[in-house]
Amino acid sequence: PGQIEILRQEGKKFEIVQSLEVDSDDGEGPIPGKARANDNFCVLAQRGRPLQIYDARLKLKGSVELDQSKEIRQLEWQPNSNRIAILYQTGELFFVDCDTMSRGNYNLGISGDIASIDWASPTDAWIGSGKQSVYKINLESGAVAESYNPALSSWQLAYYWGVDPVYQVLPKPSAMDE
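The following paragraphs examine the structure supplied in this document. Keep in mind the model is a prediction, meaning the values are calculated, not measured.

### Some details on the pattern of salt bridges
Two side chains with opposite charge may pair up if their charged atoms get near one another. Tallied over the entire structure, the rule returns 5 salt bridges. When the shortest N-O distance is used, the salt bridge between R8 and E15 registers 3.6 Å. Among the salt bridges present, the one from D67 reaches K70, with a minimum N-O distance of 3.6 Å. One salt-bridge network, held together by shared partners, links R8, E10 and E15.

### Some thoughts on the side chain of R49
You can see R49 is positioned in the loop between β4 (41-46) and β5 (51-55). Classification of R49 by relative accessible area gives buried; the value is 11%.

### Brief notes about the pairing of strand β7 (residues 72-77)
If a strand is regular, its side chains alternate between the two faces of the sheet. Bridge count for β7 against strand β8 (residues 83-88) is 5 bridges, and the pairing is antiparallel. Pairing of I72 across the sheet is with Y88, part of β8. Between β7 and β8, which pair antiparallel and follow one another directly, the connecting turn spans 5 residues, one of which, N80, has a positive phi of 60 degrees.

### Description of the packing of aromatic side chains
Aromatic ring pairs are defined here through the distance separating the ring centres and the angle between the ring planes. One pass over the structure, following the stated rule, counts 5 aromatic pairs. Seen in terms of ring centroids, W126 and Y148 are 6.0 Å apart; in terms of plane orientation they differ by 35 degrees. Their pairing is tilted. Here the residue W126 occupies a position in strand β12 (residues 124-129), and Y148 occupies one in strand β14 (residues 144-148), the gap between them amounting to 22 residues. On the basis of relative accessible area, W126 is assigned to the partly exposed category, the value being 24%. Judged by relative accessible area, Y148 falls into the partly exposed class, the value being 46%. Each member of the aromatic cluster is reached from another via a ring pair, and the members are F95, Y106 and W119. Positioned above the aromatic ring of F95 is the side chain of R83, whose terminal nitrogen or guanidinium carbon lies 3.8 Å from the ring centre. The positively charged end of R103 is found above the aromatic ring belonging to F94, 3.7 Å away from the centroid.

Criteria and cut-off values
- Residues numbered from 1 in each chain as written.
- Predicted model: local features only at pLDDT ≥ 70, side-chain atom pairs only at ≥ 80, totals over all residues.
- Heavy atoms only, no water.
- Salt bridge = Lys/Arg side-chain N within 4 Å of Asp/Glu carboxyl O.
- Helix = DSSP H or I, 4+ residues; strand = E, 2+ residues; numbered from the N terminus.
- Buried < 20%, exposed > 50% of the residue type's maximum accessible area, 1.4 Å probe, protein only.
- Pairing = 2+ DSSP bridges.
- Phe/Tyr/Trp six-rings, centres within 6.5 Å; stacked < 30°, edge-to-face > 60°.
- Lys NZ or Arg CZ within 6 Å of the ring centre and 35° of its normal.

Here it is in structure tokens:
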């Protein structure tokens, strides 16, 4: 079986405060997953199962259904809250409020796939886009406060402004086979 342990640091040593064994339903061993904890809750996301929410003593408080066909890329606690941000491998971002056991959506002021999230404050987050762009977004209003895009090389500029538009009008020969 797998273990979830809450540790406390005493000087240079760590002490196990709480421990929980995690096993599969069929007894075949643990199911790989991701776990994150704050001062009040611990969440466990395992493939093929609902998001399990535990209290600080690792007692099960409830669960929230997730899309079982999608893999979770990242779990991050929203600062000063009991909301956990969940990012699927497909780039979808939403949150689960552990106090109410409910799911909600953030107000994103950008479109496209999201690659990562990092909190700047309880309301602002740095969002990494799949196109190597980074945005600082207020997730309550959806306003983009800052954005950074990499400078394109001469070859990239030639491709995006010359080659790609031509391919949109005249597809590559291999694309014509379909």
